[in-house]
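Letter by letter, the chains look like this.
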Amino acid sequence: MSENGHGVKFWPGNIVVAEAAVAAGCNFFAGYPITPSSEIAHQMSLLLPRGGGHFVQMEDELGAMGAVIGASLAGAKALTATSGPGMSLKLENLGFGYMVEAPCVVVNVMRGGPSTGLPTHPSQSDLMQARWGTHGDHPTIALAPAFHQEIFLETIRAFNLAEQFRMPVILLIDEVLGHLSEGVVPPERDAYEIVERAHDSGEPDKFLPYDVTAGDIPPFRPYFDGATWHTTGLNHDETGFPTTDAKHIQQDMYRHYRKVLGNRDVIDKVEYYMADDAEIGIVSFGSTARAAMAAVKQAREQGVKVGLLRPVTVWPFPKDQVYEFGRDKKYLIVPEFNLGQMVYEVERAVHFDRPIKRVNKVGGVPIYPSEILAAIEEVA
Amino acid sequence: MREPRQETVTRLACDGSGPTGGHLACRGCGGVLAMQMAARVLGPNCVFVIPAGCMAVIDGPFPLSSLQAPLLHIAFEAAASAAAGVRAGLDARGKHDTTVVAWAGDGATFDIGFGAVSAAADRNDNVLYVCYDNEAYMNTGIQQSGATPAGAWTTTTPRANPKPTPKKDMLAIMTAHRIPYFASATPAFPDDYLAKLERARDTRGFRFLHVFTPCPPGQRFEEQNTVRVARKAVTSRVFPLVEVAGGKALTVFDAGEPTPVREYVRLQGRFSHLDDGEVERFAAEVDARWRWLIDWAERESDE
């Protein structure tokens, strides 16, 4: 925060996402009304036309995701935002985005589910959907900020990672963060980096849209940039045209995984809180991690040595960091605002070798610090 | 164990007792007026299939209010398809006399559920589809829909960039499917609306009722003006009341000498940014569409 409050904006998280997207260079938004994410669309409808960008409200969620992919391939930095049921509808086109390697950002402001669930209440129950929602094998990058300042920076990072690795990136927040107003200081333009997708530097008439001879990320040319190319959701070779060559397809699917798993130094992000001498470890993300931090602080005041690891990049899951954090802990606690999703990843990360206590809740009322504190006291 | 409350919208309406409290509609809701009258005609031997939208909320949390008929609150895009399924299931059990009613807002009908509506019409499913139209996504916070008129403010068509394109013409779209019954109506003309509900109920096949139901918070007018706005929509010819039965014979409700479109527009805050010239252009489009309707009606009567 600035010293005198100058430059501090008091924004709901959804507005932070929209403002940060524009700061990241987003110039296209396609969306569809859905609670609790609609304010992102409202704000984009105000912001984008002012800066020469394009806002469009589509006929449904499928259309919104389709428009985002189309805009991306035409060269735009594209965003869509939705919540549970809308995310379910987007999934087929999201998979298309992975297949054709279309950079874009998809925001899921999580609410209770399945189905209509709890439209005006938060949850964290779409964590696994973010990873495995669409069909087929593909890597996932998903970011889950917990504070408004972090939402701003992670929204920018979502665009940068999408551009750098040529793929959709998911930003997971929830109704608490989306509607909670909190101070945020939008950084000056020179305080953050904006990444653009690597542009093909070869001769346009020799352009191969999926040429990976120089690396795992094919250089890009938008449509009508000197070359004509074919885009398909079918498995395809370097020309962009379909192939059923089993050997090529397997190599290519491994390349997709390599793009993400081979660049974890750029993609991974975890934060620690009072973790140095902790004997009890908590792993928690997003809004629930805020309750966990309060619980850690209270437990520390009682003399309990407890600390927190907070994944900010939730996919790929930071398994090595969680292993290092968890391997010597007396007990691990995994509070999450669902019936148990991230806990499976934590169990795997520590090789099923540490006792783990789950703290789960659904129903729309977030996990209280006192509930996490009770879990800490139980295992202390 | 909580006892279902008996004094519900449908039950009272079916008894002829009229409106009741307990539902969760906003003050002045045109949609709940339409539902009360519809329930009087259609209930109690009916099933409601209601997708995401205001009416899915209005029916209320148990036991404050619930429609005393089976209610299937289905996903946003699926009202027509789920209604088709309910119809088939009842028919399979030999229960043919129940009216299956899909009750969906304009977003669910004009946009996300449009494919499902078209397909149910194409199959001529024996379903009564009611679109209660308040010309935007009011339940999610007043976003534009395919039913929003050109020039209107919504939260996704801000005043600097109001909606550039006109409302989809559902009369032309649905009658192009050659369905057995199409009508537009509004609870502000209750005799006309109730008669159309009865004819729709008594027709077999896919019936589509397009009901204009103004929304005070969404269209930005005071809640005592709902019926006034709806009446002005009809008398100014912005929302003509028509009926097409058997795929032919367009009947246009005669509301007498037209009132100025300006009076309709100026009742609503969503149009407050329009200058007089823009209102005149709106009026000219209303006139053009009216002439097209009258030409159609005269052509049909000549045949």
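For clarity, every value in this text was computed on a predicted model and none was experimentally measured.

## Observations regarding the domain arrangement of chain A
Residue and element names in this part refer to chain A.
Here comes step 1: According to the domain assignment, chain A consists of domain 1 (9–191) and domain 2 (271–379).
Here comes step 2: Here the C-alpha centroids of domain 1 and domain 2 sit 26 Å apart.
Here comes step 3: The interface of domain 1 with domain 2 comprises 29 residues on the first partner and 24 residues on the second.
Here comes step 4: Here domain 1 meets domain 2 over a buried area of about 2,100 Å², counting both sides, of which 60% is carbon and sulfur.
Here comes step 5: In terms of surface lost to domain 2, no three residues of domain 1 exceed Gln124, Leu127 and Met128, which account for 33% of the buried area on that side.
Here comes step 6: Remark: the boundary between domain 1 and domain 2 carries two salt bridges.
Here comes step 7: Residue glutamate 182 pairs with arginine 290 through a salt bridge whose shortest N-O separation is 2.5 Å.
Here comes step 8: Scanning the region where domain 1 abuts domain 2 turns up 16 residue pairs in polar contact (both at pLDDT 80 or more).
Here comes step 9: At the level of elements, strand E6 (118–122), helix H5 (127–132), strand E7 (142–143), helix H6 (148–165), strand E8 (168–174) and helix H7 (175–179) are the ones that each hand at least two residues to the side of domain 1 that touches domain 2.
Here comes step 10: With four residues, H5 is the largest single contributor of residues to the side of domain 1 that touches domain 2.

## Considerations on the interface of chain A and chain B
Here comes step 1: On the chain B side, the residues contacting the 16 residues of chain A number 16 residues.
Here comes step 2: Here chain A packs against chain B, burying approximately 1,200 Å² in sum over the two surfaces, 56% of which is carbon and sulfur.
Here comes step 3: Of all residues in chain A, the largest losses of buried area upon contact with chain B belong to Tyr32, His42 and Gln57 of chain A, amounting jointly to 38% of the total for that side.
Here comes step 4: Applying the counting criterion to the chain A and chain B interface returns eight residue pairs in polar contact (both at pLDDT 80 or more).
Here comes step 5: With six residues, helix H2 (residues 38–50) of chain A is the single largest residue contributor to the side of chain A that touches chain B.

## So, the packing of helix H3 (residues 61–73) of chain A against helix H4 (residues 84–100) of chain A
Residues and elements named next belong to chain A.
Here comes step 1: Where H3 contacts H4, the two axes come as close as 7 Å, and the packing angle between them is 25 degrees. One element, H3, and the other, H4, form an angle in the roughly parallel class. For the pair H3 and H4, the crossing hand works out as right-handed. Across the interface between the two elements, Glu61, Leu62, Ala64, Met65, Gly66, Ile69 and Leu73 of H3 pack against Gly86, Leu89, Lys90, Asn93, Leu94, Phe96, Gly97 and Val100 of H4.
Here comes step 2: Among the residues making up the contact of H3 with H4, the classes are represented as nine nonpolar, four polar and two charged.

## Looking at the nonpolar core
Here comes step 1: Counting residues in each nonpolar core, the largest one holds 91 residues, and the members touching the most others are Phe29, Ile40, Met44, Leu79, Val107 and Ile141 of chain A.
Here comes step 2: When residues in this core are grouped by element, the largest group, eight residues, is from H6 of chain A.
Here comes step 3: Residue assignment places this core across two domains, with domain 1 (9–191) and domain 2 (271–379) of chain A each supplying three or more.
Here comes step 4: Residues in contact with methionine 44 of chain A, not counting those within four places in the same chain, are Ala18, Ala21, Val22, Cys26, Phe29, Pro49, Phe55 and Leu79 of chain A.
Here comes step 5: Ala104, Val117, Phe182 and Leu293 of chain B belong to the second-largest nonpolar core, a separate cluster that totals 40 residues.

Calculation criteria
Residues numbered from 1 in each chain as written. Chains lettered and ligands numbered in written order. Predicted model: local features only at pLDDT ≥ 70, side-chain atom pairs only at ≥ 80, totals over all residues. Heavy atoms only, no water. Domains from an automatic or database assignment. Contact = heavy atoms within 4.5 Å. Buried area = accessible area lost by both parts, 1.4 Å probe. Salt bridge = Lys/Arg side-chain N within 4 Å of Asp/Glu carboxyl O. Polar contact = N/O pair within 3.5 Å; in protein donor to acceptor, adjacent residues only side chain to side chain. Helix = DSSP H or I, 4+ residues; strand = E, 2+ residues; numbered from the N terminus. Axes fitted to C-alpha atoms, helices over the stretch in contact; angles between N-to-C directions. Parallel < 35°, antiparallel > 145°, perpendicular 65-115°, else oblique. Left-handed = near helix turned anticlockwise from the far one by under 90°. Nonpolar A, V, L, I, M, F, W, Y, C, P; charged D, E, K, R; others polar. Core = buried A, V, L, I, M, F, W, Y, C linked by side-chain atoms within 4.5 Å. Buried < 20%, exposed > 50% of the residue type's maximum accessible area, 1.4 Å probe, protein only.

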